[in-house]
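Residues per chain, in single letters:
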Amino acid sequence: MFSVIRQAARARAMPSTAARISPSNIVRMPGCRTIVTKKYTEEHEVVAFDDETGLGAISITDHAQESLGDVVFVELPAVGSKVSKGDQIGAVESVKAASDIYAPVSGIVTEVNEDLNSEPGLLNRSPEEKGKLNSDCVNIIIINMRLVGWLCKIELSAPEELNELLTLEKYKATWEA
């Protein structure tokens, strides 16, 4: 009986220790399929890039949603549209202010979060989901691009543009000073 309880406890403890987040914002998952890199812009956008699929999930940062307050409207880009880094791809309106959303990378918009049309407040609940574990495989939600508050997904045409974006530490330094 006790050996079964110990095995169950070990199985539950394993996922929390298996995932390691390195300071460079690269999530490496032993036994899983991919690496996701999160990079930031000074304009408060974040891209979670999946190196296996070549897709970047675009969202606003947690700091941005806290500054905006309750989001009441989200304008999204059209699926299939070609965007260049720095292009306006949408807008977010809140009870406090409105803010344009800019493409942090170049590529083609492959998907938009249609849920935001009817529930724009999803951006307030989860603009950039932090690593929640799934018991099936040590799997972080951002790996499967199942962020709740993502805006759109872009197939990157120039993945090297990620090198020009900010790490979490450098992003925080832009507004903490």
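Residues numbered from 1 in each chain as written. Predicted model: local features only at pLDDT ≥ 70, side-chain atom pairs only at ≥ 80, totals over all residues. Heavy atoms only, no water.

Enquirer: Describe in detail the sheet that holds strand β8 (residues 88-94), supporting the description with residues and values.
Expert: If you trace the three strands from one edge of the open sheet to the other, you get β6-β8-β9, paired in antiparallel fashion. The strands lining the two open edges of the sheet, one partner per strand, are β6 (71-75) and β9 (98-102). Taken over all neighbouring pairs, the strand axes of this sheet differ in orientation by 20 degrees on average, direction set aside. Bridging between β8 and β9 involves five bridges; their strand directions are antiparallel. (Pairing = 2+ DSSP bridges. Helix = DSSP H or I, 4+ residues; strand = E, 2+ residues; numbered from the N terminus. Axes fitted to C-alpha atoms, helices over the stretch in contact; angles between N-to-C directions.)

Enquirer: An account of the nonpolar core is requested, with residue identities and associated values reported.
Expert: Counting residues in each nonpolar core, the largest one holds 26 residues, and the members touching the most others are Leu123 and Leu151. Listing elements by their share of this core, those giving two or more residues are β4 (45-50), β5 (55-60), α2 (62-68), β6, β8, β10 (107-112), α4 (122-125) and β13 (152-156). When neighbours within four sequence positions are excluded, leucine 151 is seen to be in contact with Ile58, Ser59, Ile60, Val74, Leu76, Ile101, Val112, Asn113, Leu116 and Leu123. (Core = buried A, V, L, I, M, F, W, Y, C linked by side-chain atoms within 4.5 Å. Buried < 20%, exposed > 50% of the residue type's maximum accessible area, 1.4 Å probe, protein only. Contact = heavy atoms within 4.5 Å.)

Enquirer: Outline the confidence of the model for the protein, supporting the account with residue identities and numerical values.
Expert: Confidence along the protein averages 77 in pLDDT terms, with 67% of residues attaining 70 or more. Under a pLDDT of 50 for its full length, residues 1-28 has, in the predicted model, 30 contacts with residues more than four places off or in other chains. Across residues 130-146, where pLDDT falls below 50, the model places 47 contacts with residues more than four positions away in sequence or in other chains. (pLDDT = per-residue confidence, 0-100.)

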